[in-house]
Amino acid sequence: MSETFFPVNDLLRRKLQTSLTLLSLTVCVASTLFLLLFSDQIGFGITSVAGNTLTVGYYNIFSSFLLFVGILVFAVGAVIVSFITFLMMAQRTRDFGLIKAAGCPNSLVFSYFFIELLMVLFLGCVLGVALGFLTDYAVINMGVFQAYQKAPNFWYAPLVFVAFFVFGLIFGLKPLLNAARLSPTAAISPMQYFGLSEGNRFKALSKSRLTLKIASRSLFRRQSATVRIVVFLSIVFLLLTVSIAGSIIANDTTTSRVENAVGKDTLLVAHKDMGNQYISLLSKFSGAKEKADFNYLDPNFAIPDAALQQLNTISGIANFEKRLVCEEQIQEVMNFTYSDSATIPIGDHREADSLVVGVEPEKVLSEWFIDGRFLKNGSASEAVVGDSLAAVAFEMPLLQSLRMQNTTLNVVGVCLDPVNNGMVVYVPLEMLESLNNASDPNIVLVQLDSSVNQDTVIMRLQERLADVNSDLTVFELNDALENNVGFLGAIWSVIMFLPLFSLVAATLCLIGYLVLAINEQRHEFAVLRAMGAKPKTIVTVLAVQSLIVLFSSFGVGISFGIMGTLMILMTQPVVTSFTVLEIAGWLLAALFGMFLLSLWPAVRFAKKPILKIMS
Amino acid sequence: MPMKTSDLVVATHSLCKAYQLGEAEVEVLKAITLNVARGEFVAICGPSGSGKTTLLNLVSGIDKPTSGRILVLGQDLAVQDEDFLAEFRCSNVGFVFQSYNLVSTLTVAENVAFPMEWVRSPAAEIERRVADLLETVGLQHRANHFPAQLSGGEQQRVAFARALANDPELILADEPTGNLDTKNGQKITQVLQMLKANGKTVIVATHDPALMQLADRTVCLEEGRLTSKNE
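What counts, and where the lines are drawn
- Residues numbered from 1 in each chain as written.
- Chains lettered and ligands numbered in written order.
- Predicted model: local features only at pLDDT ≥ 70, side-chain atom pairs only at ≥ 80, totals over all residues.
- pLDDT = per-residue confidence, 0-100.
- Helix = DSSP H or I, 4+ residues; strand = E, 2+ residues; numbered from the N terminus.
- Contact = placed C-beta atoms within 7 Å.
- Buried ≥ 20, exposed ≤ 12 C-beta atoms within 10 Å, placed from the backbone.
- Pairing = 2+ DSSP bridges.
- Nonpolar A, V, L, I, M, F, W, Y, C, P; charged D, E, K, R; others polar.
- Axes fitted to C-alpha atoms, helices over the stretch in contact; angles between N-to-C directions.
- Parallel < 35°, antiparallel > 145°, perpendicular 65-115°, else oblique.
- Left-handed = near helix turned anticlockwise from the far one by under 90°.
- Domains from an automatic or database assignment.

Observations concerning the confidence of the model for chain A
Residues and elements named next belong to chain A.
(1) Moving on: On average, chain A scores 82 in pLDDT, and the residues at 70 or more come to 90%.
(2) Moving on: Mean pLDDT across the elements of chain A bottoms out in helix α8 (residues 190-193) (52) and peaks in strand β10 (residues 424-428) (94).
(3) Moving on: Overall, residues 193-200 carries pLDDT values under 50, and its contacts beyond four positions in sequence, including any with other chains, amount to 24 contacts.

This is the structure in structure tokens:
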């Protein structure tokens, strides 16, 4: 018998198993390659693009999520490859023993199956690389992502190919080497090729119904394969939880932070040029560019008292807040701290151009997510800095001060703020006015009563302001807010669906496991059928096995996934009851989908005639 | 004297069974006409490959004929669907295989009990009947053991207990002593003797002279045809 003839024939003889193994391997390689290519082009592309537009705080959340998901997808890929090659080669242990028993030398039998392993691995990896590139090409050319595309990095192909080929080889060789060490009689024993445990000492669920009893005991008996699939699916569910729950929680949290910082249903009153500039500064998330060399302190932008008085007279306005916006050069002030009698310097003398916003602390309409605290009434020498400014110009901002026009201000808080992408400083309004010799604000934020008709109030407001100054305009901040929230939502959606391929590969592996379970129990199922079991009873036994495996891994994966998301990736998350329902919906849909698909071999098997199963 | 149809447990007419092996068709049973009356003990003899197992498979509803009629307890099995046949086997037929075929993940007691669970017998009745059946086959002390912990003869006795679980009208046994030594074979013969005494209809495929002696009638199969009848 030729050394390649036997492996080819053997692979063709096990059509279903070979197809499942090849398919799982292909999808697994493709999913990992796709993730790398896609993240590079879109995912990390987003963060690198967004690095110039997103605030540092948001950028950090995105990049840590992508990194975590990327590591998990790679881990899932490695575990899948190890599982399917183990499954494939473990099922050949019996044949190994039979051929040896017929007198074939150990080395020759080993080479037969080793060539099979190489063939399947090579073919699976090649097909996977091709499918990975094809999928990336198809997805990247979808409308929503076209703006971020760049040429794929072809070096990922050999990287993934070699990594997975080596993984597969290591894990596939293990059962093969084990089989080579066994005597022919030991190799023929079902103990070896199904990974069955010795004996049946454990009478699990002896009081339960027959289907549950048979299902659970078979799982216990097939310990090694069962433990592998549970561990593997737990990692898949961990990945799913991090990407789905994480994305939804992070989306809700970041959206809520942006909404609170910008203010929902808030109007902006300003000179039309100043208003447009402020809107651009708010919309830098979604790629808007503000005007360079803009003179914020142009006297024409000042909002006179007469206009503010008009605001007091219009019904439907709940509150309004004056702000003075300008641009300043900010200097970091170095500080010192003491530790173990040693003086340790903090910071340097860095400088940065930043937007400076003067506010009346007691009247601010925004609610920022702040590390530290906001400004207090009457303390003129305090400042709150945006997260990006804190990252680029300070080492430990809360222990440092900043200098602006020779005035030193203590940094009391760091806020997550989309305005100018976090390159912003909030200071007391009076102090900023006196520094710039300005007596009037240049923007006013107006909050309307939620009960009024907003269009009517806006129209009335516009009319009254026109009487004072025809250039004064009313802007709705909701549009800018929606742009920001929409952009954040799109990024989180991308992250949420990155593990879709891993889910498909996991489902294929679960089907492979069910095929193993069917093969191991096929004779007993035939006996049960001959004794009067209906085909649906057999499907029920296999469905129970699939459910036990799925639920145990679901529980483990979700627990670790939620812990990872809330404790590592996202601090102070916003979790509403709708968030919980949405997450539960997605995860249960994934679980249910996997369960239904895993039943396919069971249904197919149950339809077979009894004698065909027995033969 | 001709028998009434209602007295017949098994009635076959021109029963044929062929298998497709590649392009070739192999005829295993050729125009078998056989009637078995209620309470009758029939032995089927014949060389290996003569069609004994196939005939038992057709009578039990495990397999379907290619042509001909087969009535078992008044039901035409050739036209029934899988679910009906499953229920029919569970309630009316007790099948004993040559290779025992116990479910390895279930204990002896559970192996005997499971056909009763499918017909939804009350738990207390199942428990009582399992104890009775195991006592009948002399294996009450093995109730909580798994099949792998029993000898071949013990496994075959459990298989008989399982076949009797739902008190079926018809017992089919395919070479029940074929894998056993003389001593264990005798124990199985005693069980069959007891079934005969209890008025069960029994069809046994066998080479065992002891079982043929026990039979009311022996029919022989050769190359798929009934060649002789010894009534």
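Don't stop here, the text continues.
Here's the deal with the pairing of strand β11 (residues 443-448) of chain A
Put simply, side chains in a regular strand alternate between the two faces of the sheet.
Residue and element names in this part refer to chain A.
(1) Moving on: Of all 6 residues making up β11, 5 are buried, and the element is well covered by its neighbours.
(2) Moving on: In this sheet, β11 lies alongside strand β1 (residues 266-271) in antiparallel orientation, the contact comprising 5 bridges. Bridge pairing in β11 places T266 opposite Q447.
(3) Moving on: Alignment of strand β2 (residues 317-333) against β11, held across 6 bridges, turns out to be antiparallel. Across the sheet, R323 pairs through a bridge with I443, a residue of β11.

Quick notes on the interface of chain B and chain A
(1) Moving on: Between chain B and chain A, the residue contacts involve 23 residues of the former and 21 residues of the latter.
(2) Moving on: Those elements that place two or more of their residues in the side of chain B that touches chain A are α2 (82-92) and α3 (108-118) of chain B.
(3) Moving on: A per-class count over the side of chain B that touches chain A returns 11 nonpolar, 5 polar and 7 charged.

Section: the packing of helix α10 (residues 223-262) of chain A against helix α19 (residues 577-598) of chain A
Residue and element names in this part refer to chain A.
(1) Moving on: Viewed as axis vectors pointing N to C, α10 and α19 meet at an angle of 155°, and their least axial separation amounts to 10 Å. Considering the angle they form, α10 stands roughly antiparallel to α19. At the point where α10 passes α19, the crossing takes the right-handed sense. Here L240, T241, I244, A245, I248, I249 and D252 of α10 lie close against α19, whose contacting residues are T579, E582, I583, W586, L587 and A590.
(2) Moving on: Among the residues making up the contact of α10 with α19, the classes are represented as 9 nonpolar, 2 polar and 2 charged.

Quick notes on the domain arrangement of chain A
All names here are of chain A.
(1) Moving on: In terms of domains, chain A is made up of domain 1 (1-193), domain 2 (211-261 + 503-615) and domain 3 (266-449).
(2) Moving on: Secondary structure elements with two or more residues in the side of domain 1 that touches domain 2: α2 (15-53) and α3 (56-90).
(3) Moving on: Of the residues forming the side of domain 1 that touches domain 2, the biggest block, 16 residues, is contributed by α3.
(4) Moving on: Residue classes in the side of domain 1 that touches domain 2 are distributed as 20 nonpolar, 5 polar and no charged.

Quick word on unusual backbone geometry
(1) Moving on: Residues other than glycine seldom take positive phi values, yet N421(A) does so here, at roughly 50°.
(2) Moving on: With respect to the element layout, N421(A) can be found in the loop between β9 (407-416) and β10.
(3) Moving on: Positive phi is not limited to glycine here, since Y100(B) has a value of about 65°.
(4) Moving on: Considering the arrangement of structural elements, one finds Y100(B) in the loop between β6 (93-96) and α3.
(5) Moving on: Take Y100(B): there are 23 C-beta atoms within 10 Å of it, and that puts it in the buried class.

Let's talk about the packing of helix α12 (residues 305-313) of chain A against helix α15 (residues 454-468) of chain A
Residues and elements named next belong to chain A.
(1) Moving on: Interhelical geometry of α12 versus α15 gives an angle of 155° and a closest axis separation of 9 Å. Our classification of the angle between α12 and α15 gives roughly antiparallel. Two packed elements cross with a definite hand, and for α12 against α15 that hand is right-handed. Two secondary-structure elements touch here, α12 through A306, A307 and Q310 and α15 through R464, L465 and V468.
(2) Moving on: For the contact of α12 with α15, the per-class residue count stands at 4 nonpolar, 1 polar and 1 charged.

Comments concerning the environment of K200(B)
All names here are of chain B.
(1) Moving on: With respect to the element layout, K200 can be found in the loop between α6 (182-197) and β8 (201-205).
(2) Moving on: K200 sits in the buried class, given 21 other C-beta atoms within 10 Å.
(3) Moving on: Put simply, K200 and E40 are 160 residues apart on the chain and 7.3 Å apart in space, counted from C-alpha to C-alpha.
(4) Moving on: When near neighbours in sequence (up to four residues on either side) are disregarded, K200 contacts I171 and L195.

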